[in-house]
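# Report on the structure
Listed here are the chains, written in short residue letters.
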Amino acid sequence: MVSVRQIKAGRALLGWSQSDLASESGISEPTIARLESVDGELGGREATVQRIRAALEKGGIQFIEENGGGPGVRLRKPTRQKR
């Protein structure tokens, strides 16, 4: 399960607009806006949810599941490239 708040928080951590998320996920910007307009679990088709989540994860977002403190997101530390 992914919540709308997790999607918005992930975008904020990455500095992404709805347009950026649309470009990265291949989902239309109006669809992103519609999905984000309602609080709670991210609605829409499962494939749409997975594409949005995958785009944020590729950008460096880690989704934190409910663990007593509530679900959330965090920005993954950049990995250092070996020389």
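In the block above lies the structure referred to throughout.
Attention in this report is confined to the structure presented alongside it. Only a predicted model underlies this, so the values are computations on that prediction, with no experimental measurement involved.

## Here's the deal with the pattern of salt bridges
- Following the criterion strictly, the structure yields four salt bridges and no others.
- Between Glu-36 and Arg-11 there is a salt bridge, and its shortest N-O distance comes to 2.9 Å. Of this pair, Glu-36 sits in helix α3 (residues 29–36) while Arg-11 sits in helix α1 (residues 4–14), placing them 25 residues apart in sequence. For the pair Glu-36 and Arg-11, a shared accessibility class is recorded, and that class is buried.
- In this structure, the salt-bridge partner of Arg-53 is Glu-65, at a minimum N-O distance of 3.6 Å. Pair noted here: Arg-53 is in helix α4 (residues 46–59) and Glu-65 is in the loop between β1 (61–64) and β2 (72–75), with a separation of 12 residues, a long-range link.

## Details of helix α2 (residues 18–25)
- Taken residue by residue, α2 has Leu-21, Ala-22 and Ser-25 as its buried positions. Looking down the long axis of α2, one finds its buried residues gathered within 105 degrees of arc, a one-sided arrangement.
- Tucked into the core, α2 has its buried residues touching α1, α3 and α4.
- For α2, the N-terminal cap is Ser-17; the gap from its side-chain oxygen to the backbone nitrogen of Ser-19 is 3.2 Å.
- Note on α2: the residue one or two positions beyond its end, Gly-26, has a positive phi of about 80 degrees.

## Side note on the packing of α1 against α4
- Between α1 and α4, the least distance of the axes is 10 Å, while the angle of their chain directions is 30 degrees. Classified by the angle between their axes, α1 and α4 sit roughly parallel to one another. For the pair α1 and α4, the sense of crossing is left-handed. Across from Ile-7, Gly-10, Arg-11 and Leu-14 in α1, the residues of α4 making contact are Ile-52, Leu-56 and Gly-59.

## A word on the pairing of β1
- Because side chains alternate across β1, one face comprises the buried residues Ile-61 and Phe-63, and the other comprises Gln-62 and Ile-64, none of which is buried.
- Of the strand pairs in this sheet, β1 and β2 are connected by four bridges, and their pairing is antiparallel. Across the sheet, Ile-61 pairs through a bridge with Leu-75, a residue of β2.

## What about the side chain of Glu-36?
- You can call Glu-36 buried: its relative accessible area is 5%.
- A polar atom in the side chain of Glu-36 sits 2.8 Å from the side chain of Gln-18.
- Excluding its chain neighbours within four sequence positions, the residues that come into contact with Glu-36 are Val-4, Ile-7, Lys-8, Arg-11, Gln-18 and Leu-21.

Cut-off values and rules
- Sequence order as written defines the numbering, with residues in each chain counted from 1.
- In keeping with the model being predicted, local features are shown solely for residues with a pLDDT of at least 70 and side-chain atom pairs are shown and tallied solely at 80 or more, while totals for entire chains, interfaces and linings include all residues.
- With hydrogens and water stripped out, all remaining heavy atoms of the structure feed into the side-chain values.
- The rule for a salt bridge is simple: a side-chain nitrogen of Lys or Arg has to be within 4 Å of a carboxyl oxygen of Asp or Glu.
- Elements are defined by DSSP. Helices are runs of H or I of four residues or more, strands are runs of E of two residues or more, and each kind is numbered from the N terminus.
- Per-residue accessibility, obtained with a 1.4 Å probe over protein chains only, is compared with the maximum for each type, and a residue is labelled buried under 20%, exposed over 50%, and partly exposed between these values.
- What the arc covers is the set of directions going from the helix axis to the C-beta atoms.
- Residue contacts are defined here by distance: any two heavy atoms, one from each residue, within 4.5 Å place the two residues in contact.
- Any pair of nitrogen or oxygen atoms within 3.5 Å is treated as a polar contact; in protein, a donor-acceptor pairing is required on top of that, and neighbouring residues in sequence qualify only through side-chain atoms on both sides.
- Lines are fitted to the C-alpha atoms to define the axes, a helix being fitted only along its stretch in contact, and any angle between axes, read from their N-to-C directions, falls within 0 to 180 degrees.
- Orientation labels follow simple angle bins: below 35 degrees gives roughly parallel, above 145 gives roughly antiparallel, 65 to 115 gives roughly perpendicular, and whatever is left gives oblique.
- Each crossing gets its hand from how the near helix is turned against the far one by less than a right angle, where anticlockwise is left-handed and clockwise is right-handed.
- When DSSP finds at least two bridges between two strands, those strands are taken to pair.

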